[in-house]
Protein chains: 2
Amino acid sequence: MSDAVAQYNPSISVDCVVFGFDSKNLKILLIDQNGDSLNDSKLKLPGSLVRKNRDLDEYADLVLKELTGLDNVFLRQLYTFGSADRISLKQDREWIEKTYSVSIRRIVSTAYYSLIKIDHSNEELMERSHNARWYNVSSVRTLALDHYRILTKGLEVLRMELRFNPIIGFELLPEKFSLRNVQTIYEAITGINYDNRNFRKKLGQAKYLTPLGEKQKGVAHKPALLYRFDKEKYFNTRKEINLFYI
Amino acid sequence: MSDAVAQYNPSISVDCVVFGFDSKNLKILLIDQNGDSLNDSKLKLPGSLVRKNRDLDEYADLVLKELTGLDNVFLRQLYTFGSADRISLKQDREWIEKTYSVSIRRIVSTAYYSLIKIDHSNEELMERSHNARWYNVSSVRTLALDHYRILTKGLEVLRMELRFNPIIGFELLPEKFSLRNVQTIYEAITGINYDNRNFRKKLGQAKYLTPLGEKQKGVAHKPALLYRFDKEKYFNTRKEINLFYI
DNA sequence: GCAAAAGTGTTATGCCTACACCCATGC
DNA sequence: GCATGGGTGTAGGCATAACACTTTTGC
């Protein structure tokens, strides 16, 4: 993304809602627009203008790769924001014009959402090179541009998806996790508190959770058994849902 | 959409997947690219390039209004198609360049889907002024550009939506309909055959179906009772779905 | 009277919900 | 030994799934 500015299309951008989970809270990766802690600084979603004749999807991939160093992460299109007045603040407009050296009118932005297994090893890199950091989703109140709206849409879709494609939850969990972790992530995303006996009973029926016969270590309570998510079994054993709701 | 071509943004278009229902089959509104029945003719989705600084949504509305004369129809964003090679056929590229007098590179297209109560009164108009006609979705095999893929996506989303927002089904039905109509539309969209006793039992629980005490007329069998969909009751009586699937 | 589609009830099964206590560990 | 979170079973109610015959109309 260091090519000559003339190649950028001043009409189209991609923005990424990057979700993570730290075993307690749902997190989102945000960038400090000004790169420092000036009073005027505002957080924004990672994103980029798109070069002419380039795939939108490819660009979303690129943004993520540059930001986190990660490849092959879960990434899916969310929604396209195309109102004429999305860049209403002068401050936002100036920031874009300065950053990309283009004069803009309206920018149509296609938003993607991504699910990341948070790995503390690359946090320092993210922060140094992109001023990117994880924030609790629940504590975010405003963002630059219309990015808060995009985040809201991301949450909405995440909630919907989780109900039917539990794989969404496991994309956020590390390789080894406890059943409690699964419940916590469901609760963090849906906002519903589940009865733990019933929740575990249901998970118990899932063929795709392989117990590792291994326990948590160094916790000051009964250590939890750890599980692994078996993608293959997941896709092979899922049954069609024929239900509908009135 | 008859303004000077220079105002069009050669990067962004909207395309509409317009669904209808004729009490038997799920239908889609398609346009004959060439306006006549030449051998080379291919069907496409209704759509348009978007003018600079105009809302995407507004444009989708406009396309529909021009096409059907209808206002305030159900219209929702579907997906944005942005691969670099979506206009792979020379024939398609030439058609676009000729129609809009612009030279194009890649076009990012935001697709919308719309649900229409088919009214035979405006069919002639649609056909004369836009070469638009209803086709059975199940008999469509190919379309111009990547429009078949867009249709497929539309169907996929329609299926998903119907399960949780039954309102989708009633957008396609006329004011007065029989319970059999409801079942047929569910079957047409989901591809599942429902047991009619169970299906009706479930519908019987819905508060939003008001019986009109009126019967079908002129049918060579036991006439069905007619119902009306009560939007207000629908939104007031729907209960939250807390379920999730493993 | 016959063809064609509308309409109707019961039973078995499985899923969801609600609910309270013991267990293993670190300090 | 105590604080902390992990882990467990049962019973009642409700929704689903499977299944076949009668009714009303037009011709």
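As the structure is a prediction and not an experimental result, all values here were calculated from the model. (Residues numbered from 1 in each chain as written. Chains lettered and ligands numbered in written order. Predicted model: local features only at pLDDT ≥ 70, side-chain atom pairs only at ≥ 80, totals over all residues. Heavy atoms only, no water.)

A.B. asks: What is the right way to read the pattern of salt bridges from this model?
C.D. replies: When the charged atoms of two side chains lie near each other, side chains of opposite charge can form a pair. Residue and element names in this part refer to chain A. For the coordinates displayed, the defined rule picks out 24 salt bridges over all chains. Put simply, D22 and K27 hold a salt bridge, and the shortest N to O gap is 3.6 Å. Between R76 and E161 there is a salt bridge, with the nearest N and O atoms lying 3.0 Å from each other. Here E161 lies in helix α4 (residues 147-164) and R76 lies in strand β5 (residues 74-81), a separation of 85 residues in the sequence. A relative accessible area of 31% places R76 in the partly exposed class. (Salt bridge = Lys/Arg side-chain N within 4 Å of Asp/Glu carboxyl O. Helix = DSSP H or I, 4+ residues; strand = E, 2+ residues; numbered from the N terminus. Buried < 20%, exposed > 50% of the residue type's maximum accessible area, 1.4 Å probe, protein only.)

A.B. asks: Explain the side chain of T80 of chain A to me, please; I cannot follow it from the model alone.
C.D. replies: As for its position among the elements, T80 of chain A is in strand β5. Separated by 2.4 Å, the side chains of T80 of chain A and T80 of chain B make a polar contact. Every residue in contact with T80 of chain A, bar those within four places of it in the chain, is listed here: V108, S109 and T110 of chain A together with L56, Q77, T80 and T110 of chain B. (Polar contact = N/O pair within 3.5 Å; in protein donor to acceptor, adjacent residues only side chain to side chain. Contact = heavy atoms within 4.5 Å.)

A.B. asks: Got a minute to help me understand the interface of chain B and chain A in this structure?
C.D. replies: Residue-level contacts link 39 residues of chain B with 39 residues of chain A. A combined buried area of about 4,000 Å² lies between chain B and chain A, and 57% of that area is made up of carbon and sulfur atoms. Area buried by chain B at its contact with chain A is led by F244, Y245 and I246 of chain B, which between them contribute 22% of it. The tally of links from chain B across to chain A stands at zero salt bridges. In this assembly, chain B and chain A are joined by 16 residue pairs in polar contact (both at pLDDT 80 or more). At the level of elements, β1 (8-21), β4 (47-51), β5 (74-81), β6 (108-115), α4 (147-164) and α7 (196-205) of chain B are the ones that each hand at least two residues to the side of chain B that touches chain A. (Buried area = accessible area lost by both parts, 1.4 Å probe.)

A.B. asks: So what exactly am I meant to see when it comes to the protein's contact with DNA strand C here?
C.D. replies: Close to DNA strand C lie 22 residues, the nearest being V219 and K222 of chain A together with R200, H221 and L225 of chain B. When atoms of DNA strand C within 4 Å of the protein are split into backbone and base, the sugar-phosphate part holds 45%. Separating a base oxygen of DNA strand C from a side-chain N or O atom of K201 of chain A is a distance of 3.1 Å. A distance of 2.8 Å is found between a base nitrogen of DNA strand C and a backbone nitrogen or oxygen belonging to K222 of chain A. At the level of secondary structure, the elements contributing two or more residues to the surface near DNA strand C comprise α7 (196-205) of chain A together with α7 of chain B. (Near = heavy atom within 4 Å.)

A.B. asks: Help me out: how do you make sense of the protein's contact with DNA strand D in this one?
C.D. replies: In the vicinity of DNA strand D there are 22 residues, among which H221, K222 and L225 of chain A together with V219 and K222 of chain B approach most closely. When the atoms of DNA strand D within 4 Å of the protein are grouped by moiety, sugar and phosphate amount to 44% of the total. Note that a base nitrogen of DNA strand D is positioned 3.3 Å from one of the side-chain N or O atoms of D195 of chain B. Residue K201 of chain B places a side-chain N or O atom 3.2 Å away from a base nitrogen belonging to DNA strand D. The set of elements that each furnish at least two residues to the surface near DNA strand D consists of α7 of chain A together with α7 of chain B. Each residue belonging to the surface near DNA strand D can be placed in one class, and the counts come to seven nonpolar, four polar and eleven charged. (Nonpolar A, V, L, I, M, F, W, Y, C, P; charged D, E, K, R; others polar.)

A.B. asks: Looking at this model, I keep getting lost on the packing of aromatic side chains. Mind explaining?
C.D. replies: The way to describe two aromatic rings as a pair is by their centre distance and the angle between their planes. Per the counting criterion, the structure on display carries 33 aromatic pairs over all chains. Where F244 of chain A meets Y194 of chain B, the ring centres are 5.4 Å apart and the plane angle is 80 degrees; that geometry is what we call edge-to-face. Residue F244 of chain A is located in the segment after α8 (231-237), and its partner Y194 of chain B is located in the loop between α6 (179-190) and α7; the two belong to separate chains. Y194 of chain B shares its class with F244 of chain A; the two are buried. Ring centres 5.1 Å apart and planes at 75 degrees place the aromatic pair Y208 of chain B and Y234 of chain B in the edge-to-face group. (Phe/Tyr/Trp six-rings, centres within 6.5 Å; stacked < 30°, edge-to-face > 60°.)

A.B. asks: In this structure, what is going on with the domain arrangement of chain A? I would like to understand it.
C.D. replies: Quoted interface sizes are often the accessible area lost when the parts come together. Residue and element names in this part refer to chain A. Structurally, chain A comprises domain 1 (8-164) and domain 2 (175-237). Distance from the C-alpha centre of domain 1 to the C-alpha centre of domain 2: 30 Å. Listed as interface residues are nine residues of domain 1 and, on the opposing side, nine residues of domain 2. Of all residues in domain 1, F21, R159 and L162 bury the most surface against domain 2, accounting for 55% of the area lost on that side. The tally of links between domain 1 and domain 2 comes to zero salt bridges. The tally of links from domain 1 across to domain 2 stands at one residue pair in polar contact (both at pLDDT 80 or more). It is α4 that provides the largest number of residues to the side of domain 1 that touches domain 2, a total of four residues. (Domains from an automatic or database assignment.)

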